[in-house]
Amino acid sequence: MQAVVIDEFGEPKDVLAAQEVPTPEPGAGEVRIATSLSPIHNHDLAIIRGVYGYRPQLPAIPGTEAAGVIDAIGPGVDGLQVGQRVAIAGVRAAWAQTFLARAEQAVPMPDSVSDETACQLLAMPLSALMLLDDLGVSAGQWIVVNAANGAVGRLLNLFAKERGVRVLSLVRGESSVRALEELGYGPVLDTESVGWLAKGADITGGEPIVRAVDQVSGPAAGDLMALLAPRGELISFGALSGKPLIIDTGAVIFKQAVVKGFWGQQRSSEIDRADYVRLITELVTLAANGTVRLDIQADFPLDQAAEAAVASETPGRNGKVVLRAGSR
């Protein structure tokens, strides 16, 4: 079969190449998935560069999420069948015509969920939903999130709206404000505008902001801490600025605030099975009824993975870049 392989860590455009490799055979408790589409995530590129939380043994096939069809089942697998459409995340080697996964990782997809949505439904959206769950907020309470016009920010807004949680969204630029408002999310503040922080303190009408989600790090984390209510929590979800957290120590002490991190992959490995099923059911239901729709920017064949990686990191995208393993 054809697969994307890296023989060394490095820049994706330099180290990604398609090769012919043996087709894997499922063992006990495993299924083999014939890949339809597989997205290129930021963490996939970090793995390829060798700077993620783990480094696979080389040579390695990248890819951690996909939508596809079960084409072989190993011994001891119940409840799944050959020909069934599934989505799957938290795997390895998905950038190939077929890959193996544990049977319990495969989530059946209804026909109303497209491959474009299914192939990116279980990684970032599930992380965003787990994050919202972990925030422990109730309907009517306020949270604040920066970089809110990105994928996680939009998903967090969507899921919060479904649960009645109120979100103050922070973005950069008037165009990003308009983009979120057109989706029905608000209030939205432009952090490049004069006096925005003072407006943020007033915009909730005196209601406390009990949780803050930071995707930017650097001084932006300090701005969130300024908006956070006493005994609130600031959750570090990313570092788009490439800088460490810069937070006023006095604010942390006198607000008795909590600062902690959230790593979706680790959280997924620790989640209780019943909670996992509950969240997956909520997510698939939202996708099936059209509430969650995840578009793609472009799709590339496996032998153009290097070009696809470059496209994935090109500014101005409005959707994921994905790899396709078959003809379309």
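Every chain is numbered on its own, with residues counted from 1 as its sequence reads. Whole-chain, interface and lining totals are the exception, using all residues; otherwise, since this is a predicted model, local features are given only for residues with pLDDT of at least 70 and side-chain atom pairs are given and counted only at 80 or more. Side-chain numbers here rest on the full set of heavy atoms in the structure, without hydrogens or water.

The next thing to look at is helix α4 (residues 124-135). In an α-helix there are 3.6 residues to a turn, and that puts residues three or four apart on one side. Secondary structure elements follow DSSP: runs of H or I of four or more residues count as helices, runs of E of two or more count as strands, with numbering from the N terminus. Take the number of residues in a helix, subtract one, and multiply by 1.5 Å to get its expected span. The first and last C-alpha atoms of α4 sit 16 Å apart over 12 residues, in line with the 16 Å expected at 1.5 Å per residue. Within α4, nine of the 12 residues are buried, which leaves the element mostly enclosed by the surrounding structure. Where α4 is buried, its residues meet β8 (142-145), α5 (151-163), β11 (209-214), β12 (233-236), α10 (264-270) and α11 (273-288). Trailing α4 by a residue or two, G136 shows a phi angle of about 65°, which is positive. To sort residues, take the accessible area from a 1.4 Å probe on protein chains only and compare it with the maximum for the residue type: under 20% means buried, over 50% means exposed, and anything in between is partly exposed. A contact between two residues is defined here by any heavy atoms of the two lying within 4.5 Å.

With that out of the way, let us pick up the sheet that holds strand β13 (residues 258-261). Two strands form a pair only when DSSP identifies at least two bridges running between them. Taking strand neighbours across the sheet as the criterion, the six strands line up as β10-β9-β8-β11-β12-β13 in an open arrangement whose pairing is parallel. Looking at strand neighbours, the two that pair on one side only are β10 (188-190) and β13, the edges of this open sheet. In this sheet, adjacent strand axes meet at a mean angle of 20° when their direction is disregarded. Relative to strand β9 (residues 166-171), β8 is paired through four bridges, and the arrangement is parallel. Counterpart to V144 in the pairing with β9 is L168. Along the sheet, α4 makes contact with β8, β11 and β12, crossing β11 at roughly 150°. All axes here are fitted lines through C-alpha atoms, helices being fitted over the stretch that makes contact, and every angle between N-to-C directions spans 0 to 180 degrees. In the packing of helix α6 (residues 174-182) onto the sheet, contacts are made with β9 and β10, and the angle to β10 comes to roughly 170°.

Now for the packing of aromatic side chains. Here a pair means two rings of Phe, Tyr or Trp (six-membered ring of Trp) with centres within 6.5 Å. Their orientation is stacked below 30 degrees between planes, edge-to-face above 60, and tilted elsewhere. Tallied over the entire structure, the rule returns three aromatic pairs. Plain terms: the ring middles of Y52 and Y54 are 6.1 Å apart, the flat faces sit at 75° to each other, and that makes the pair edge-to-face. When the ring of F237 is compared with that of F262, the centres are 5.6 Å apart and the planes differ by 20°; the resulting orientation is stacked. One end of the pair, F237, is in the loop between β12 and α9 (249-255); the other, F262, is in the loop between β13 and α10, with 25 residues separating them in the sequence. Here the aromatic residues Y52, Y54 and W263 are joined through ring pairs into a cluster of three or more. One Lys or Arg, R92, reaches over the ring of Y54 and ends 3.9 Å from the middle of that ring. Geometrically, a lysine NZ or arginine CZ counts as sitting over a ring once it is within 6 Å of the ring centre and also within 35 degrees of the ring normal.

For the rest of this paragraph, the subject is the pattern of salt bridges. What makes a salt bridge here is a side-chain nitrogen of Lys or Arg within 4 Å of a carboxyl oxygen of Asp or Glu, nothing more. The full count for this structure, using the stated rule, is 17 salt bridges. One salt bridge in this structure joins D115 and R85, with 2.8 Å as the shortest N-O distance. With D115 in helix α3 (residues 115-118) and R85 in strand β5 (residues 85-89), this residue pair connects regions lying 30 residues apart in the sequence. Among the residues examined, D115 registers a relative accessible area of 23% and is labelled partly exposed. Among the ionic pairs, R102 bridges to E104, the shortest N-O distance being 2.9 Å. Classification of R102 by relative accessible area gives partly exposed; the value is 45%.

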